[in-house]
Structures are given as C-alpha cells and as structure tokens.
Amino acid sequence: MSFRDRKRSGDLIGYIIMGLVTLICISIAYFFFSNESKKIKIDPITFCPKDKKERFGKTVALLDLTDPLNKAQKEFFLKEIEALKNIIPKHHSLTIYTLDEELDLNKSRKITMCNPGTLEDIESTYDKISINPKEIKIKWEEGFSEQISDTVNNIIFQNVSQNSSPVMEMFQLIALNEFKGFNGTNNEIIILSDMIQNTDGISMYQNNLPSFSTFKKSEYFSKVKTNLSKNVFIKLLIIKRDGSRKMQESKYFTNFWAQFFVNGNKAEDFKITFVDG
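The paragraphs below set out a description of the structure included in this document. (Residues numbered from 1 in each chain as written. Predicted model: local features only at pLDDT ≥ 70, side-chain atom pairs only at ≥ 80, totals over all residues. Heavy atoms only, no water.)

## Some points on the overall build of the protein
Next up, step 1: Secondary structure assignment for the protein yields 10 helices and 6 strands.
Next up, step 2: Taken across its 277 residues, the protein has 44% of its residues classed as buried.
Next up, step 3: For the protein, the share of sequence-separated contacts (at least 6 apart) that also reach a separation of at least 24 residues comes to 78%.
Next up, step 4: Of the roughly 15700 Å² of accessible surface on the protein, a fraction of 53% belongs to carbon and sulfur atoms. (Helix = DSSP H or I, 4+ residues; strand = E, 2+ residues; numbered from the N terminus. Buried < 20%, exposed > 50% of the residue type's maximum accessible area, 1.4 Å probe, protein only. Contact = heavy atoms within 4.5 Å. Areas by Shrake-Rupley, 256 points an atom, 1.4 Å probe, with all protein chains shown as cover.)

Spelled out as structure tokens, the structure:
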C-alpha cells in the first residue's frame, strides 16, 4: 500500500471515529435534555407541581372548630393528620381548611403542601430549584406538622365560637373549588366536625335529625348538593358534643350523612370514625 493509500485509510478511520464520537455526544445530550424536560417543575414553597396538567391526587381536610375541642380531641386530630401526612402519595397535595360561617374560602384555607417524595425523588425527578433537597424533605416532614399544630392551637386559643355551623355549605364550596373538573385519582375529603348542621335552613340542634329521604326532597338540599362524580372518598372524624352524643351515636345520624355524601353528592365511598374524648 502506498503512502497516499495509507493516508486515505487513516483519514477514513479518523472520520469514522469522529462520527462515532459525535453520535455518542448527541445521544448523551438528547438523553440529558429529554430527562430534564420530563422533570416536574414545583413551587418552592408548597412543593406542588406548577403545571396544572399534572393530575396528581388531592387530600383536603376541613376542620370544624365552631365549638372548642377538648384536649383528647385535639390530640386525636393532630395524630390523624400526622398519620395522613406519612401515607399521602408522592406529588399529592394536602390542604387544610377551617369551617367559616362567612363561607370565605380564602380566609379559611390555612395551608397547602405536596409530598415531595424521597431525597432520591427530589434529586432525580424535580426540576432544579434554589432549595437543598434535604431542606425540602425537612420542611415536609417537620415544617408541615408544625404549621398544622400551630394552626389548630391558634384557633383553639382564640376560643371564638361561631353562631352557625354551615357544614354542608362549606363542604359544597370545597368540593367545587378543589374537585370540579379535576381528573386526578385517589382523592379524599376529611371532615373533622360534630356534623351537627346549624343554619337557618336546617338546625339539627333545634329541629332534630330529619330522614335523608325527606331532606332530599327539600329546596335546601337542592341548594347545598354537588356532584363528586364518584372520584372523591369522604372520611368523617366526628367530634362528640355533650348534650348531643345520643343523637350523634344513633344509626339514624350516621345513616343520614352516609346517604348525604354517597347518594346525594355522588362520593366514591364513605367512612365514619368517632373522635376519642
């Protein structure tokens, strides 16, 4: 082989090597940018996905403190929220509302945060933000619990009783605001309340408990009902009130609310737990 032929051969091999190196670099770059584009952009305060198209589930808790909690009831609720926080799926949101007789959602919404997942999740699946992944994890595990505890304590220490208890109306507003048109799965509304509706339209204190079949025919029900489209699970944590415990513990009371949520508002399912204390 002549010198010229050897040179041509060497050039060809060089071109092939350069081509392979370029192809590898392009592949690595594509893989990197493809993965980066798939990363979830999150809010640096709530850790919730910024893109509303991300359809992760929601858990919403409604805290009814129109009458004070005793110490045992308060501890029960805090433990329940802590347990809930520990099992809520990655990326799912947890929002706390308090019942407000003025039905002002902006005032009654106390906190919203999303579970950021493990440290590995934060480092590998989230778009970079200016917060250390360990700080994000600590804020979720410790900061959220502190905020919930502070919220409950502040409300309890205020000790301001409200004149009415519009449980149905508040539930309707939350359902519409959080879940109407929402397609995420594994959704839940948790209501901590004595579930004694007390408004001008219906007062379970004054007029006792109606049957749901009768209530369903009323104009009042037509005003407070909504449609959860079998996409939200309802969990009641019922606070027993002195003077009303007999009514609350009766099968008619639990059946009324089961019918109200499942048949009347198309909840996916329904569960009642009585709060200790």
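Following the structure, the description resumes.
## Quick look at helix α2 (residues 71-87)
Next up, step 1: Over its 17 residues, α2 runs 25 Å from end to end, which matches the ideal 24 Å to within 8%, given 1.5 Å per residue.
Next up, step 2: Within α2 the residues assigned to the buried category are Q73, K74, F76, F77, L78, I81, L84 and K85.
Next up, step 3: For α2, the side-chain oxygen to backbone nitrogen distance between the N-cap and A72 is 3.1 Å, and the N-cap itself is N70. (Expected span 1.5 Å × (residues − 1). Polar contact = N/O pair within 3.5 Å; in protein donor to acceptor, adjacent residues only side chain to side chain.)

## A closer look at the state of the cysteines
Next up, step 1: Under the definition given, this model contains 1 disulfide.
Next up, step 2: Through a disulfide, C48 is tied to C114; the S-S separation comes to 2.0 Å. Judged by the torsion about the S-S bond (100°), the C48/C114 disulfide is right-handed. Within this pair, whereas C48 is found in the loop between α1 (3-38) and β1 (58-63), its partner C114 is found in strand β3 (residues 109-114), the two being separated by 66 residues in sequence. Each of the two residues, C48 as well as C114, counts as buried. (Disulfide = S-S within 2.5 Å.)

## Topic: the sheet that holds strand β6 (residues 269-274)
Next up, step 1: Spatial ordering of the open sheet is given by β3-β2-β1-β4-β5-β6, a layout of 6 strands whose pairing is mixed. The sheet is open, and its two borders are formed by β3 and β6, each paired with just one other strand. Shown here is a sheet whose adjacent strand axes are inclined to one another by a mean of 15°, direction ignored.
Next up, step 2: Two strands pair when backbone bridges link them, and strand β5 (residues 232-238) and β6 are joined in this way by 6 bridges, in the parallel orientation. (Pairing = 2+ DSSP bridges. Axes fitted to C-alpha atoms, helices over the stretch in contact; angles between N-to-C directions.)

## Comments concerning the packing of aromatic side chains
Next up, step 1: A complete count under the given rule lists 15 aromatic pairs for this structure.
Next up, step 2: Geometrically, the ring pair formed by F215 and F221 is edge-to-face, given 5.7 Å between the ring centres and 70° between the ring planes. Of the two residues, F215 and F221, neither departs from the other in class, the shared state being buried.
Next up, step 3: Each member of the aromatic cluster is reached from another via a ring pair, and the members are F171, F212, F215, Y220, F221, F256, W257, F260, F261 and F270.
Next up, step 4: One cation-aromatic arrangement involves K58 over F179; the distance from NZ or CZ to the ring centre is 5.9 Å.
Next up, step 5: In this structure, K240 packs its charged tip against the face of F274, placed 5.2 Å from the ring centre. (Phe/Tyr/Trp six-rings, centres within 6.5 Å; stacked < 30°, edge-to-face > 60°. Lys NZ or Arg CZ within 6 Å of the ring centre and 35° of its normal.)

## Brief notes about the pattern of salt bridges
Next up, step 1: Counted according to the given criterion, the structure contains 7 salt bridges.
Next up, step 2: Between E80 and K235 there is a salt bridge whose closest N-O contact spans 2.7 Å. Of this pair, E80 sits in helix α2 while K235 sits in strand β5; the two residues are 155 residues apart in sequence, bridging distant segments of the chain.
Next up, step 3: The partner of K240 in a salt bridge is E249, and the shortest N-O contact between them spans 2.9 Å.
Next up, step 4: A single salt-bridge network, built from bridges that share partners, covers D100, E102 and K107. (Salt bridge = Lys/Arg side-chain N within 4 Å of Asp/Glu carboxyl O.)

## Some points on helix α6 (residues 167-179)
Next up, step 1: Between its terminal C-alpha atoms α6 stretches 17 Å, which fits the 18 Å expected from 13 residues at 1.5 Å a residue.
Next up, step 2: Of the positions making up α6, those classed as buried are V167, M168, E169, M170, F171, Q172, I174, A175, E178 and F179.
Next up, step 3: A positive backbone phi angle near 75° is found at G181, which sits one or two residues after α6.

## Focus: the nonpolar core
Next up, step 1: Within the largest apolar cluster, 37 residues are counted, with the highest numbers of intra-cluster contacts made by I234, W257, F260 and F261.
Next up, step 2: Of all elements in the fold, only β1, α6, β4 (187-193), α7 (212-215), α8 (219-224), β5 and α10 (251-264) reach the threshold of two or more residues within this core.
Next up, step 3: Per element, the largest residue contribution to this core is 7 residues, and it comes from α6.
Next up, step 4: Leave out the neighbours within four places in its chain, and W257 touches M168, M195, M204, L236 and F270. (Core = buried A, V, L, I, M, F, W, Y, C linked by side-chain atoms within 4.5 Å.)

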